[in-house]
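Residue-level structure breakdown
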Amino acid sequence: MAADKKRGAQAVRDMVISLAVILLAAGVIYLFVPHDDKKDPVKTVGYRVELASARRAAPYPVAAPEGLSKEWRATSVRYTADGPKGSVWHLGFMTPDNEYAAVEQSDQKRPARFIDDVTQGAEKTAKKQRVKGEEWTRYTGEKYDALVRTAKDGKSVTVVTGTANFRQLGELAEALRAESTKPQPHDSAKP
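As the structure is a prediction and not an experimental result, all values here were calculated from the model. (Residues numbered from 1 in each chain as written. Predicted model: local features only at pLDDT ≥ 70, side-chain atom pairs only at ≥ 80, totals over all residues. Heavy atoms only, no water.)

**Quick notes on the pattern of salt bridges**
Under the counting rule described, the total for this entry stands at seven salt bridges. As a salt-bridge pair, D14 and R13 come within 3.8 Å of each other at their nearest N and O atoms. Its relative accessible area of 38% is what places D14 among the partly exposed residues. Here R177 and E179 are joined by a salt bridge, their closest N and O atoms 1.8 Å apart. When its relative accessible area of 25% is taken as the criterion, E179 is described as partly exposed. Connected through shared salt-bridge partners, E66, R177 and E179 make up one network. (Salt bridge = Lys/Arg side-chain N within 4 Å of Asp/Glu carboxyl O. Buried < 20%, exposed > 50% of the residue type's maximum accessible area, 1.4 Å probe, protein only.)

Dropping the structure here:
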């Protein structure tokens, strides 16, 4: 019986020593691993290559901003050709006051479904917002608000959406320049 108590006390002592060694090792690792609490956790991305590729491939003029201040940081970019949502262009940003804003474009046959998806269920309002002489329709939602404009030819839709306010969404929309560098088919019958 005394041997069992001694063995039990040794087991407890061994566990306490093991725990102390583990905590000491964790403390040493913490001290020597660099960490910067002031570092911005948002990773910025370059998007020029993807933009050039999308402008060559997309069946519509692809929109991207020009002239935004450096405080607007691009955080995500992608182009998907002929997916279930059509040919889709996405370019996401963090605004100067750390809100999210994105440019979304598609040639999906049912633009209402695309708009609902990228605005996370925002509802169309009767309000319009003029940006560079063009009317954009305002959408409001629990998570995202949006400015939406259908192309003049009706073949694509552009959505500027995010947690940013309408002033910032308008600033992003105003900076957009839509362009296509898709090669035009050559008519070989002409001299």
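Still more ground to cover, so stick around.
**A few points about the packing of aromatic side chains**
Both the distance between ring centres and the angle between the ring planes are used here to describe each pair of aromatic rings. One pass over the structure, following the stated rule, counts three aromatic pairs. Between Y47 and F93 the ring centres are 6.0 Å apart and the planes differ by 80 degrees, which places this aromatic pair in the edge-to-face class. Placement of the pair is Y47 in the loop between α1 (2-32) and α2 (48-57) and F93 in strand β3 (residues 86-94), with a sequence separation of 46 residues. Grouping residues by exposure puts Y47 and F93 together as buried. Relative to F93, the ring of W72 has its centre 6.3 Å away and its plane inclined at 75 degrees; by these criteria the two rings are edge-to-face. With W72 in the loop between β1 (62-65) and β2 (73-83) and F93 in strand β3, the pair connects residues that are 21 residues apart, well separated along the chain. Comparing W72 with F93, the two get one shared label, buried. (Phe/Tyr/Trp six-rings, centres within 6.5 Å; stacked < 30°, edge-to-face > 60°. Helix = DSSP H or I, 4+ residues; strand = E, 2+ residues; numbered from the N terminus.)

**Points about the nonpolar core**
Y47, W89, L91, V160 and L172 are the most contacted members of the largest nonpolar core, which totals 28 residues. Put simply, the parts of the chain that give this core at least two residues each are α2, β1, β2, β3, β4 (100-106) and α4 (166-175). Among the elements that line this core, the one with the most residues is α4, at five residues. If you look at the next biggest cluster of nonpolar residues, it comprises 10 residues, including F114, I115, A122 and V148. (Core = buried A, V, L, I, M, F, W, Y, C linked by side-chain atoms within 4.5 Å.)

None of the figures reported here should be taken as evidence of function without further support.
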